[in-house]
Amino acid sequence: MFHTKTKLGGVLALTMLFASACGNANGTVDGSAAAAAAGGTDAGEKVKITFYSYNLAIASQKEGTQQLIDEFEAAHPQIDIDPIAVASTEINTKVQADIAAGASPDVAQLVFDGLDYAVHNYNAKALEDLVPAEELSQTFEGFSPNGLELGRLNGKTYGLPFTFSTPVLFYNAKLFADAGLDPNAPPTTWAEVKEAALQIAGKTEAEGVHIGGSAGNDWIVQALIGSNGGEVLSDDRATIRFGEPEAVEAIRMWQDMVLSGAHDKLNDGEVIQAFSEGKLGMLLYTSALQSAFIQASQAGGWELKAAAMPSFGDKPTTPVNSGSALFILSGDEAKQKAAWEFLKFVTSERGYTIITSKIGYLPLRPAIVDDPKYLKDWVEANPLVKPNLEQLTRLRPWISYPGPNWLQIETTLLEAVQQSIQGTGDVAAMMQEAQRRAQSLMP
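The structure reproduced in this document is the subject of the present report. Residue positions are given per chain, counted from 1 along the sequence in the order it is written. Selection of residues for local features in this predicted model requires a pLDDT of at least 70, selection of side-chain atom pairs for listing and counting requires 80 or more, and totals for whole chains, interfaces and linings are taken over all residues. Only hydrogens and water are set aside when side-chain values are computed; all heavy atoms of the structure are taken into account.

**A closer look at unusual backbone geometry**
The phi torsion of most residues other than glycine is negative, and most of the peptide bonds are trans. Here N154, not a glycine, exhibits a phi torsion of approximately 55°, which is positive. Within the secondary structure, N154 sits in the loop between β4 (152–153) and β5 (156–157). Here the term buried applies to any residue with accessible area under 20% of the maximum for its type, exposed to any over 50%, and partly exposed to those in between, with areas from a 1.4 Å probe on protein chains only. When its relative accessible area of 68% is taken as the criterion, N154 is described as exposed. Its identity is not glycine, yet R237 carries a phi of approximately 60°, on the positive side. The numbering of helices and of strands both runs from the N terminus, where a helix is a DSSP run of H or I of at least 4 residues and a strand a run of E of at least 2. For R237, the position within the fold is in the loop between α11 (219–227) and α12 (245–260).

Here it is, written out as structure tokens:
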């Protein structure tokens, strides 16, 4: 713990507030104040912390992530970040192996479905146990309340939300017009999606729609199930519920899309290329693909548009996030202090300006989208982000399954979804059997 119990803590907090207010145009602050806040002085030893990040392993996101690190180090000369690029599919394995070898990372970027496991197996530190309550409250001020909830477990914040997206319905305005649809009136329900997709498939050479997320991670599946009133896990985190009627109906809608010809039969990897080439009318997928799709549409001579996640009739949608949080894993007090300074910077107004404009994820400090110092001009130039921002008000956490078998439970759900949408079988039977097998994996 590094709770400050003397008057010095208040002085440092005021110093940091003043320094922030006097920061330069890039949001940096005076180095001596930053060093003091990090627990050192200009003449003291530097603190080095390791940062495992999968954004650094993605070509289109590396530059923006490195900019975050560079600006932080410029503002905090007593802290060095040792960035380690790790693929998202490998980061949990590497963290676990390095902890077992006695070389735990100090900060790790982990996806939300592993939250429970990180807390109970990686000894992730609750911010409430490290940071004075007043400072934590000040840091959280202006943060999306729904966003903050994503990194909490049992009432404490273990992961500070970092890079983040929701499911967005991207669509090709040219294909809409070619099919006789109004490009300015996208479908808002799944029934309307089916109708529009069949019209696109029937009147153009393109496929109608693709719902992403049947493989990899289950965040879009969770969003679909929740939007139909279902759950994947009970509130007491003891009972798997993705075989119940509301969940079954959501996946049956997906199967019907495929069987009717409204939905293509491509996998998620193939469909990104197809949509980029103008061969698909609509795609429900992560909003993080927006920048890549803008470039593809400009190169291909078609207009990209975006709409909110469609609903099941008049039921409210419950978008679930993809993306990650930052976890402090170090047991060293000096490194914990330095890690907290890093977390504060990268999730600050300046941090989210870089994250949104350079990396492509949502700003979890919503006020900055109307602030000319940060994202106002960028949002006006990039209006496609607006449906994604609006969905923050209805956001539901990406549920992490408890116990050491959490990933097997998630895989069991996804395999049942794939089996359902790739065939003509009884969705209820497949989902209920998956629920039974998943329940047997619960702790």
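So, next bit.
**Observations regarding the pairing of strand β1 (residues 47–53)**
Most of β1 sits out of view: six of its seven residues are buried. The rule for pairing is simple: two strands pair if DSSP sees at least two bridges between them. Pairing between β1 and strand β2 (residues 79–85): seven bridges, direction parallel. Residue pairing across strands places S53 opposite A85, the latter belonging to β2. The pairing of β1 with strand β3 (residues 107–111) spans two bridges and is parallel. In the sheet register, Y52 faces β3, and the bridge partner there is A108.

**Description of the environment of P167**
With respect to the helices, strands and loops of the structure, P167 is situated in strand β7 (residues 167–172). Contacts are assigned to residue pairs that have any heavy atoms within 4.5 Å of one another. Residues within four places of P167 in sequence aside, it is in contact with W219, I220, A223, L284, Y285, M309, P319, V320 and Q391.

**Details of empty space enclosed by the protein**
Definitions used for this entry: grid spacing 1 Å over protein atoms alone; cavity, a set of points where a 1.4 Å probe fits but cannot get out; pocket, an open set with protein on both sides within 12 Å along at least 5 of 7 lines; lining residue, one with an atom within 4 Å of a point. Grid points are joined across faces, edges and corners, and a volume is the space filled by probe spheres set on the points. Scanning the entire structure with this criterion turns up one cavity of 30 Å³ or more. Empty space within the largest cavity amounts to approximately 90 Å³. Lining the largest cavity are S287, Q290, S291, T356, G360, Y361, L362, W378, V385 and N388. In the scheme used here, Gly and all other residues not listed as nonpolar or charged are polar, with Ala, Val, Leu, Ile, Met, Phe, Trp, Tyr, Cys and Pro taken as nonpolar and Asp, Glu, Lys and Arg as charged. Each residue belonging to the lining of the largest cavity can be placed in one class, and the counts come to four nonpolar, six polar and no charged.

**Structural notes on the packing of aromatic side chains**
For Phe, Tyr and Trp, rings pair up if their centres lie within 6.5 Å, where Trp contributes its six-membered ring, and each pair is then called stacked (planes under 30 degrees apart), edge-to-face (over 60) or tilted (otherwise). Within the structure shown, the criterion is met by ten aromatic pairs. Seen from their ring centres, F72 and F342 are 5.2 Å apart, and the 75° between their planes marks the pair as edge-to-face. Here F72, found in helix α3 (residues 59–75), pairs with F342, found in helix α15 (residues 333–346); they are 270 residues apart in sequence, far enough to count as distant. For F342, a relative accessible area of 1% translates into the label buried.

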